[in-house]
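# Close look at the chain arrangement
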Amino acid sequence: MSGDGDGDSGGLVDALVAARPEQTDPFARVLRSQVRHRLVDAAIEPFRFGRFTVLGPLGGGGMGVVFVAYDPDLDRKIALKVLRSRGEQGQREMLREGRALARLRHPNVVGVYEVGEIDGRVFVAMEYVHGPNLREWLRTPRRFETVLARMIEIGRGLAAAHAVGLLHRDVKPDNLVIADDGHARVIDFGLARPSEEATAMTVTLDAAASPMTPSIHAGTPAYMAPERLSGAPGDARADQFAYCVTLWEALFGARPPDQGAAAARVPGWIRRALERGLDADPERRWPTMAPLLAALGRGRARARWRLFGGAAAALLVLAGAGIAAQRWDVARRKAACARAGAAIDDAWSDEARARLRQGLLDTEVAYAQTTAERVAPALDARIGAWRDAKTQACMNAEVLDLWTEDTAARAAWCLDDRELELRELVAELTRADAAIIQKAVAAVAGLKASEGCLDAELLQRQPAPPEAGREALRDARVALARAQALSLAGRFDDALVLVTQVREAPATATWRPLWAAARVAETNALEAVGEYAAAEAAGVEAYFAAAELGAWATAADAANTLITVVGDRLERHEEGRVWGRHADLALSYAGDRLGLREAARLSNLGGVAYRTGDYAAARDLHSRALAILEPALGPTHPAVGWRVDRLGLTYNAAGDFVAAQELHERAVAILEPALGPDHPALAVTLSNLANTHKSQGDYRTSIALHERAVAILERAHGRDHSKVAASLVNLASLKQTIGAREEALELNRRALAIDRATVGPDHPNVAISLTNIGGTLQSLRRFDEARAANEEALAIFTEKLGPDHPNVAVLLHNVAALYAEEGAFHEARRAQLQALATAERIFAPDHPFVGKSLMTLAGIEMELHDLASARALLERALAVFDAHEGVQFGESTTCFNLARVLVTTGGDRARAITLARRALRDFREAGEGRAVERAEVEAWLEENDPEAPGEAAPAPQGPRQPARP
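Summarised in this report is the structure supplied together with it. (Residues numbered from 1 in each chain as written. Predicted model: local features only at pLDDT ≥ 70, side-chain atom pairs only at ≥ 80, totals over all residues. Heavy atoms only, no water.)

### With respect to the overall build of the protein chain
When you go through the protein chain residue by residue, the secondary structure sums to 40 helices and 12 strands. The burial tally for the protein chain puts 53% of its 965 residues in the buried class. Long-range pairs, those at least 24 residues apart, make up 63% of the contacts in the protein chain between residues at least 6 apart in sequence. For the protein chain, the accessible area works out to roughly 40800 Å², and carbon and sulfur atoms hold 53% of it. (Helix = DSSP H or I, 4+ residues; strand = E, 2+ residues; numbered from the N terminus. Buried < 20%, exposed > 50% of the residue type's maximum accessible area, 1.4 Å probe, protein only. Contact = heavy atoms within 4.5 Å. Areas by Shrake-Rupley, 256 points an atom, 1.4 Å probe, with all protein chains shown as cover.)

Quick look at the structure:
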């Protein structure tokens, strides 16, 4: 039993176990009153359910009943879904599915706050959304553009669910709500299943069945895809089919293929997009929701611009023909709105476009032509979006009379900011140099969307523009826009100078929201140049100032940056997570219609999780961020490519190299067309892809990819650039792995020379090169030279990064390995104990590096014949590795060493054999790169495993992920 511990909860528990629950259990009465998803005579008195106060029923479905309730923890009204009992196994399934939904956060999906069980009943606590469902909403005639806008929002919500592996399985007008804020939400995932576990059967109520009798039909037949009607489970494309049926019905007033009386007002491009989604063959539908939404969005944007341009011209002709004064006035105002939108054209005329193109080409970098070809269309889209938004805002205020003066003023202020940002970035890119051109595509992609300035509800959540003194603020706003353009272009030092001037300007003090925005821009620039302590101070000041002013979007931006500054850069992980909660709070006030700020929050928290070694959490957070970004920006947007690349790193770190390789390949497929094949940013992703091939023993492919990355960077920056040095280090590591040690040493020394010349003799990059040189010299058994390189690197790391930095722990580990290689095991033990103590101070107790350090110390103890200490250390190391999904670096060796120690000391022989089999499986899957270790384990098993002489049996797989060291 559970509850909140007071008498009311206990009374409810007693009632639930009474002999006649239909008399004492309010839920039983409501469920009994439900007939075919409707509640009949289900009025109840408020009662307690755990901590919740249940106020009354809202509606019913095949899976349970939804109540309106009050949650004292959230201090808000919620929707509480109480699910029908399905037995113990069913309860567990519903809990698992509900918790999967709780991880999905998207502005167009009803939020799930909590999933749990109270007194034997599974419940889902959800966001309470007031408003009609789509079917009810459509009873009032709507313009097709309005219907399409709401349905695109629905599509984004479904795409986000699909991206995290969830299917809705009952998409229809009744399960889509148009909230009072005017935006759409997907509700009632009561039939949802994780996509990999979807089956053909879900629960609805058959007409002839009792309210508690499940039917074999899944979802609602009128909206079901053909494959599901035939009994197949279906996948995300079945949801797509139901979505297209729903949108067709909403637009045409009839289900496909009928087009009804509305056919004439629905454009052909909508019908063609929907017909593809309605194809009977799932393979011929859109591959995912994202390209379908992109097609609908592009057509909508083109149609809106044609409408504005055509309407303005036609109405001017009517006015000139002497139409009545009132019509003439409307036409005049519409024409004025069209001119207001065209105000941006001087910033992006044919001459301006030509100047920008020539400015990019004048940099003479290898990828200038490609960059120019990609930047111009991207700016076309941004400029066009601003023009449309400005025209629409004017229409809303001056023609359609949809906005109050206050809303119009807020929209104008917002659009002024977007215009300044566009103009300043165009100017910055026109005078590009070799450094700026590298950031050009990303800079345009990073501009804030003008469409947000049309969202009246979001505008009301921000501070109102100043009533007086706006002209005095103009120069400060222009300067801030230029500073932001400089940051987007990668000129952070220049941005810092400018944004400091904005913050200190007398005019800025007259309107504090501008001061807070300048302080956030300063925070971002300080973080970019590595001034982390100053960035923290600026960010904290910006956050609380913005919060006090009600500038919640600015506060959210500050908190998001502080997640990275504090939790990642300054290594105060828990404090970074606290800033994640601050960002979440700020976003709940600011609103985040597309979810882009929420995606940034999740991604930054993913970076903190990665830093702590919690790769499963990092993967989950990056996946959730990607689930928001892809439907919002489209599958080919560079930001999506970079997020896919980061997600790949989490799989690589966890040892799932096949999944990592697939993600990095996908990132290359997005970024290469977006940036061009010679762009230096692409080299980073190529290097990440190369490392996955290396981990799987495919050294030939890995070398080719690393060499391509080096060549790209040399063409972009010259042979002696610091980024070339970093890529050379990766290539050298690979050469070391395949035994080409002299080549590795030459590459590392070249990297060291570049670093000393570019960043100075005591920079941490120099120490990294020295560390790698030390490792190569050690493998060449040139121990004195290796020791000297390690000592120099350790001195730099300790001075520049402090004694409790991860790089110091790694280097101490290397020093111990060098002693062990020389046979000086007592010295190795002392060094490794120091390395372990450092690791335990700075990392979480279950960080993989702590496990690696324990494993190494155990190996030294084995050499010193202290097997009791070795066994204890290996057990600790294995516990650390087992706390993470996948196979961590050193995990397979730990299993084998523990097996050997167990047998030698008379321990559990059966467990030892299982551990050795597990190690063998891992080494086999690693390929030729671990052939020596594999042969050693096979020989040991032949001697010690009587059941498998000559060929060890594979270890039981259990729940672990396929192992790859």
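### Observations regarding the packing of aromatic side chains
A full pass over the atoms with the stated rule returns 11 aromatic pairs. Seen from their ring centres, F52 and F123 are 5.4 Å apart, and the 70° between their planes marks the pair as edge-to-face. Here F52 is found in strand β4 (residues 52–61), whereas its partner F123 is found in strand β8 (residues 121–127), with 71 residues between them in sequence. Taking relative accessible area as the criterion, F123 reaches 3% and is therefore assigned buried. Of the aromatic side chains, those joined through ring pairs into one cluster are F49, F52 and F123. Above the plane of the ring of W413 lies R477, whose end atom (NZ or CZ) is 3.6 Å from the centre. If you follow R512 out to its NZ or CZ, it ends over the ring of W515, 4.3 Å from the centre. (Phe/Tyr/Trp six-rings, centres within 6.5 Å; stacked < 30°, edge-to-face > 60°. Lys NZ or Arg CZ within 6 Å of the ring centre and 35° of its normal.)

### Some words on empty space enclosed by the protein
Applying the stated criterion across every chain, the model contains 2 cavities of 30 Å³ or more. Of the pockets and cavities examined, the largest cavity occupies roughly 90 Å³. Lining the largest cavity are 14 residues, with R169, D170, R228, A238 and A242 sitting closest to its centre. Looking at the lining of the largest cavity, the element that brings in the most residues is helix α8 (residues 236–252), giving 3 residues. For the lining of the largest cavity, the residue count by class is 7 nonpolar, 2 polar and 5 charged. (1 Å grid on protein atoms, 1.4 Å probe; cavity = no way out; pocket = protein on both sides within 12 Å on 5 of 7 lines; lining within 4 Å. Points joined across faces, edges and corners; volume = space filled by probe spheres on them. Nonpolar A, V, L, I, M, F, W, Y, C, P; charged D, E, K, R; others polar.)

### Some thoughts on the state of the cysteines
Inspection of the entire model under this criterion finds 2 disulfides. Sulfur-sulfur distance for the disulfide between C414 and C453 comes to 1.9 Å. The disulfide joining C414 to C453 has a torsion of about -65° about its S-S bond and is therefore left-handed. With C414 in helix α14 (residues 405–430) and C453 in the loop between α16 (440–445) and α17 (456–460), this pair connects stretches of sequence that are 39 residues apart. A residue is classified by how much of its surface remains accessible, and C414, at 14% relative accessible area, is buried. (Disulfide = S-S within 2.5 Å.)

### Let's talk about the nonpolar core
Counting residues in hydrophobic clusters, the biggest one holds 60 residues, and the most contacted among them are L356, V375 and L429. It is helix α13 (residues 368–399) that provides the largest number of residues to this core, a total of 9 residues. Once residues within four sequence positions are removed from consideration, L429 is found in contact with L356, L360, V375, I436, A440 and V444. Core analysis: the next-biggest nonpolar cluster, separate from the first, contains 43 residues, Y543, V566, L587 and L621 among them. (Core = buried A, V, L, I, M, F, W, Y, C linked by side-chain atoms within 4.5 Å.)

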